[in-house]
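Working through the structure, step by step
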2 protein chains.
Amino acid sequence: MPSKPTRDDTRERLIQIAMELFAFQGYAATGLAQIARKAKVLPGSLYYFFPTKEDLLHATLQRRHELLQPEVLDPAWDGVDDPIERVFALLAGYRRMLTLTDFQHGCPIGNLVIEVGNSHPDARRLLVRNFDNWLDAIERCFRDAAPRLPPDHDPRRLAVFVLVTMEGAVMVARAYRNFEAYDAAIIQLRDYLERLLADALAHPQPDKARNAKKRSRRA
Amino acid sequence: MPSKPTRDDTRERLIQIAMELFAFQGYAATGLAQIARKAKVLPGSLYYFFPTKEDLLHATLQRRHELLQPEVLDPAWDGVDDPIERVFALLAGYRRMLTLTDFQHGCPIGNLVIEVGNSHPDARRLLVRNFDNWLDAIERCFRDAAPRLPPDHDPRRLAVFVLVTMEGAVMVARAYRNFEAYDAAIIQLRDYLERLLADALAHPQPDKARNAKKRSRRA
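Residues numbered from 1 in each chain as written. Chains lettered and ligands numbered in written order. Predicted model: local features only at pLDDT ≥ 70, side-chain atom pairs only at ≥ 80, totals over all residues.

Here we look at the overall build of chain A
- For chain A, the count of helices and strands is 10 helices and zero strands.
- Along its sequence from the N terminus, chain A presents helices and strands in the succession α-α-α-α-α-α-α-α-α-α.
- Within chain A, counting contacts between residues at least 6 apart in sequence, those at least 24 apart form 65% of the total. (Helix = DSSP H or I, 4+ residues; strand = E, 2+ residues; numbered from the N terminus. Contact = placed C-beta atoms within 7 Å.)

Pasting the structure below:
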């Protein structure tokens, strides 16, 4: 016999439905009544958990933060060990998402930056926390690859460049509703990283490379 | 004595106010009544020129297309002749715009891709025309610089990479409300282009370079 849904189940279902609707329709276009209906929850129950729509928005951003590793990074990196290839595997994951959703669903964080970033300062801070979390993961890839990169390259700055490329490529792909621009941007990013790898290989700096490796282990 | 405003003046004023409000507040959050009020025009007059809000949206996107050269490219490129430096001068223009508007106003085209791209197919096509126009201008820069770039580099694909970097960098800067990520992305893009220039310089291919120059002249 299935057990009765608990309070936590209901709250979680509301968050999941809200995440989906905010991503596909936007925050303004999504009403609390629609969320309650789709979650098969009485409006009063929704208000019990989330007195305001903004409370629900914050809960979805908190959940997205927690889900980055299990739902975004782990599936993209399954079977991919090379840290540079992990960067491209993650970018391929966003491409797959655009295919699966027929270009309707961009990066949910980027969308909300544009939609509510000006008007909702608390949400903006949670969006930044999500970006920071993403950047930490990609920075780790570049730290792991540090001995193979020119020693003057900053792993955080490279991670920012990847985030910027991803957000821009997802946006432009959604405008064109095809992958021409997305793929063009990834080809150029890969060309850049391959040039960095080739440069480091051609100019080995044993001491600095070892130090970078040590720094990476300490981190 | 100032002349009486003509029909064209009124229509143009409505477009200018709509462009500003759509860029700062978004399309959904901007009401036709607010536009009429700000333009000091009676609502009936607005409906005379633009029977629907979508008609006004289309008119603003048409105007943005026409204004790219005189209002975006010409000011950014004033006194800048080097085609590669023109790319960075344009990116510096977006950075200035973020400063002037305290990060409230991103790229008006990119914002609308995310806000109305799914729901307004005609507007989406006009947004694509704006991107195409922008890409044509940056592609011309890379065509002009073709003899100084490795011969296998496609000027259109490089232009797409610059557009993607700009859109991503503007979005991420608006999230953080500072220029750390924006500047990091531009540093990496410049490093990439400098590596391409250095590579071409180290491996001159006289025939190919001449052909690229000829192609650029024919275009």
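Some details on the interface of chain A and chain B
- Listed by partner, the interface residues are 39 residues for chain A and 39 residues for chain B.
- Listing elements by their share of the side of chain A that touches chain B, those giving two or more residues are helix 6 (108–116), helix 7 (121–144), helix 8 (155–176) and helix 9 (180–202) of chain A.
- Broken down by element, the residue count for the side of chain A that touches chain B peaks at 16 residues, all from helix 8 of chain A.

Description of the relation of the copies chain A and chain B
- With an axial shift of 0.0 Å and an RMSD of 0.0 Å, the rotation relating chain A to chain B amounts to 180°. Such values leave the two copies arranged in the relation of a two-fold axis. If distances are taken from each C-alpha of chain A to the rotation axis, the shortest is found for Gly168 of chain A, at 2.0 Å.
- Comparing interface residues between copies, 100% of those in chain A also sit at the interface in chain B, which points to an isologous, same-surface contact. (Least-squares fit on C-alpha atoms with pLDDT ≥ 70 in both.)

Thoughts on helix 4 (residues 53–77) of chain A
Residue and element names in this part refer to chain A.
- Taking 1.5 Å per residue as the helical rise, helix 4 with its 25 residues ought to reach 36 Å, and the 34 Å between its terminal C-alpha atoms agrees with that figure.
- All of the buried residues in helix 4 are Leu56, Leu57, Thr60, Leu61 and Arg64.
- Buried positions along helix 4 lie against helix 1 (7–25), helix 6 and helix 7.
- A positive phi of about 80° marks Gly79, the residue just after helix 4. (Expected span 1.5 Å × (residues − 1). Buried ≥ 20, exposed ≤ 12 C-beta atoms within 10 Å, placed from the backbone.)

Quick look at the packing of helix 8 (residues 155–176) of chain B against helix 9 (residues 180–202) of chain B
All names here are of chain B.
- Their axes nearest at 7 Å, the elements helix 8 and helix 9 cross at an angle of 155°. Relative to helix 9, the element helix 8 lies roughly antiparallel. Facing Thr165, Gly168, Ala169, Val172, Ala173 and Tyr176 of helix 8, the residues of helix 9 in contact are Glu180, Ala181, Tyr182, Ala185, Ile186 and Leu189.
- In the contact of helix 8 with helix 9, the residues fall into nine nonpolar, two polar and one charged. (Axes fitted to C-alpha atoms, helices over the stretch in contact; angles between N-to-C directions. Parallel < 35°, antiparallel > 145°, perpendicular 65-115°, else oblique. Nonpolar A, V, L, I, M, F, W, Y, C, P; charged D, E, K, R; others polar.)

Notes on the domain arrangement of chain A
- What the domain assignment reports for chain A is domain 1 (1–51) and domain 2 (65–218).
- Computed over C-alpha atoms only, the centres of domain 1 of chain A and domain 2 of chain A are separated by 31 Å. (Domains from an automatic or database assignment.)

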